[in-house]
Amino acid sequence: MIELLKNRLILTLLLGFFLLPNTYLYAAEPKSDAIPSAKIEQFVEVFKRGKEQYVEDIDDAVLFDYAIRGMVSSLDPHSSFLSKDDFNELKIGTTGRFGGLGIEITMEEGFVKIISPIDDTPASRAGLISGDFITKIDDTLVKGLTIGEAVKLMRGEPGTSVTITVIREGERQPLVINLIREIIVAKGVKTELLEGNIGYIRLSSFQSKSTDHINSHVIKLKKDTKNKLMGLILDLRNNPGGVLGAAVGIADLFLSNGKIVYTKGRTSHSDLEYFSTPQDIIHGLPMVVMINEGSASASEIVAGALQDNNRAKIVGTKSYGKASVQTIQEFGDGTALKLTTARYYTPNGKDIHKEGIVPDIIVEKDIKKAEKENKTTKESKLPGDDNQLIEALKVMKGLVASKSY
């Protein structure tokens, strides 16, 4: 039995990556043809002892799932093996409508880490912020759970409650927060016209049609100002990212030339470059892009592209620092592999992974300070306690006045 298992495992290692259905993963050139037979024998021995000696009887398939999960999840926080239920949960999340709390999360050091809350959701209204660690969901400790299991505990019927325990930097005691689940709908784009004919667009996530939505909102701003739009503020704060194509498309809307982003992996299929087309839908008008610690992935692609091409001033705080690209590869049995296959780099070659985009003008969010310094007029629709947005508007007015754009 064990010898048969060993032979099957060797065959799987030899053929596995070439038998994945619906996948864009290609095998890299092997460094050596040698199979680590000692490690295979060790794996088989551990499997055998677990099968025979563990305090409870374990099904073979379950043991293999555990082994695969451990192998993949140990690579980085964004790679994982998805069971059928996990994969279904992921697909539900990408539809943009589900019952839950409204947070984008990852796993780090065995705990759920919040990348950012989604606008106007139970999570954002409860004051959850980027960098919070969720250690407990109701009575269940998060340590040891997969990200899919944690998501399943937080999702549920709208109107039902869930209590989460959060560890936050700077807080001595854990925060215990009760939330009521709601239907979460990614609202996408919000537009306002600020004083001085300055356009403001808030993008909460990158979805498949986000480029078209941004384009439509810019057209509306032009119409509302009778083609006298003076500049544009693009707010990407707490935007956790999303579709890569949308990030490239949105950056392209405001560029007339230059590179947008490029990716590098271990295979030639992972090495891609994206360049802008000569359009710039606001024809060189000044731009300010707002980011913070909750701006990740696609948000960082846009901010990095516009910063490196000297097309926009970046205002706010350093972004999250997620510069990895994941591909989802579905297996025939309904399970899937989410694997990091590439890293992306800004046009000037900056690797922002774990480093983030550093703003040109750093503005911490200080509500009390903002209330003291708020000198906006009645004409402005600017939130009075948003210090970063107040500063972004000041920067924009300076650019317009000096025509230094």
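These lines cover the structure that appears in this document, whether it is placed above or below.

Scoring rules and cut-offs
- Residues numbered from 1 in each chain as written.
- Predicted model: local features only at pLDDT ≥ 70, side-chain atom pairs only at ≥ 80, totals over all residues.
- Heavy atoms only, no water.
- Helix = DSSP H or I, 4+ residues; strand = E, 2+ residues; numbered from the N terminus.
- Buried < 20%, exposed > 50% of the residue type's maximum accessible area, 1.4 Å probe, protein only.
- Areas by Shrake-Rupley, 256 points an atom, 1.4 Å probe, with all protein chains shown as cover.
- Pairing = 2+ DSSP bridges.
- Contact = heavy atoms within 4.5 Å.
- Axes fitted to C-alpha atoms, helices over the stretch in contact; angles between N-to-C directions.
- Parallel < 35°, antiparallel > 145°, perpendicular 65-115°, else oblique.
- Left-handed = near helix turned anticlockwise from the far one by under 90°.
- Phe/Tyr/Trp six-rings, centres within 6.5 Å; stacked < 30°, edge-to-face > 60°.
- Lys NZ or Arg CZ within 6 Å of the ring centre and 35° of its normal.
- Expected span 1.5 Å × (residues − 1).
- Arc of directions from axis to C-beta.
- Salt bridge = Lys/Arg side-chain N within 4 Å of Asp/Glu carboxyl O.

## Examining the overall build of the protein chain
Argument step 1. The helix and strand tally for the protein chain stands at eleven helices and 19 strands.
Argument step 2. A burial count over the protein chain gives 46% of its 405 residues as buried.
Argument step 3. Total accessible area on the protein chain is roughly 21600 Å²; 53% of this is exposed by carbon and sulfur atoms.

## Some words on the sheet that holds strand β15 (residues 287-291)
Argument step 1. Across the sheet, which stays open at both edges, the six strands sit in the order β10-β11-β12-β15-β16-β19 with mixed pairing between neighbours. Each edge of the sheet is formed by a strand with only one pairing partner; in this case those strands are β10 (189-194) and β19 (361-362).
Argument step 2. Examined bridge by bridge, β10 and strand β11 (residues 198-203) share six bridges and lie antiparallel to one another. Considered in β11, the bridge of Val189 is made with Leu203.
Argument step 3. Packing against the sheet, helix α9 (residues 298-308) makes contact with β12 (231-235), β15 and β16 (313-316), and its axis sits at approximately 140 degrees to β15.

## Here's the deal with the packing of helix α8 (residues 244-253) against α9
Argument step 1. Where α8 contacts α9, the two axes come as close as 9 Å, and the packing angle between them is 25 degrees. By the angle between their directions, the pair α8 and α9 is classed as roughly parallel. As for how α8 packs across α9, the hand of that crossing is right-handed. For the pair α8 and α9, the contacting residues are Leu244, Ala247, Ile250 and Ala251 in the first and Ala298, Ile301, Val302, Ala305 and Leu306 in the second.

## What to know about the packing of aromatic side chains
Argument step 1. Per the counting criterion, the structure on display carries four aromatic pairs.
Argument step 2. One aromatic cluster is present, built from ring pairs that chain together Phe43, Phe47 and Phe64.
Argument step 3. The ring of Tyr345 carries the charged tip of Lys264 above its face, separated from the ring centre by 6.0 Å.

## Here's the deal with the side chain of Thr211
Argument step 1. Position of Thr211 relative to the elements: it lies in helix α7 (residues 210-224).
Argument step 2. A residue is classified by how much of its surface remains accessible, and Thr211, at 17% relative accessible area, is buried.
Argument step 3. With near-sequence residues (within four places) excluded, Thr211 lies in contact with Gly245, Ala246, Gly249, Ile250 and Leu253.

## Some details on the pairing of strand β14 (residues 272-275)
Argument step 1. Bridge count between strand β13 (residues 259-265) and β14: four bridges; the pairing is antiparallel. Along β14, the bridge assignment pairs Thr263 with Leu272.
Argument step 2. Between β13 and β14, which pair antiparallel in sequence order, lie six residues.

## Some words on helix α2 (residues 37-53)
Argument step 1. An ideal rise of 1.5 Å per residue puts 24 Å on 17 residues; α2 measures up with 24 Å between its terminal C-alpha atoms.
Argument step 2. What α2 keeps buried is the set Ile40, Val44 and Phe47. Across the axial projection of α2, the buried residues extend over an arc of 60 degrees, all falling on one side. Facing away from the buried side of α2, by more than 90 degrees, are the exposed residues Ala38, Lys39, Val46 and Gln53.

## Considering helix α11 (residues 387-402)
Argument step 1. Helix length check: α11 (16 residues) gives 23 Å between terminal C-alpha atoms against 22 Å at 1.5 Å per residue, within 8%.
Argument step 2. Those residues of α11 that sit buried are Asn387, Gln388, Leu389, Ile390, Ala392, Leu393, Val395, Met396, Leu399 and Val400.
Argument step 3. Positive backbone phi, approximately 55 degrees, marks Lys403, located one or two places after α11.

## Examining the pattern of salt bridges
Argument step 1. Under the definition given, this model contains 18 salt bridges.
Argument step 2. Between Arg237 and Asp386 there is a salt bridge whose closest N-O contact spans 2.8 Å. Here Asp386 lies in the loop between α10 (367-373) and α11 and Arg237 lies in the loop between β12 and α8, a separation of 149 residues in the sequence.
Argument step 3. A salt bridge links Lys259 to Glu273, with the nearest nitrogen and oxygen atoms 2.9 Å apart. With Lys259 in strand β13 and Glu273 in strand β14, this residue pair connects regions lying 14 residues apart in the sequence.
Argument step 4. The structure contains a network of salt bridges with shared partners spanning Asp119, Arg202, Asp235, Arg237 and Asp386.

## Focus: the packing of α2 against helix α3 (residues 60-73)
Argument step 1. Where α2 contacts α3, the axes come no closer than 11 Å and their chain directions differ by 135 degrees. As far as their axial angle goes, α3 and α2 are oblique. Here α2 and α3 pass one another in a crossing that is right-handed. Where α2 approaches α3, its residues Phe43, Phe47 and Lys51 are matched on the opposing element by Asp60, Leu63, Phe64 and Ala67.

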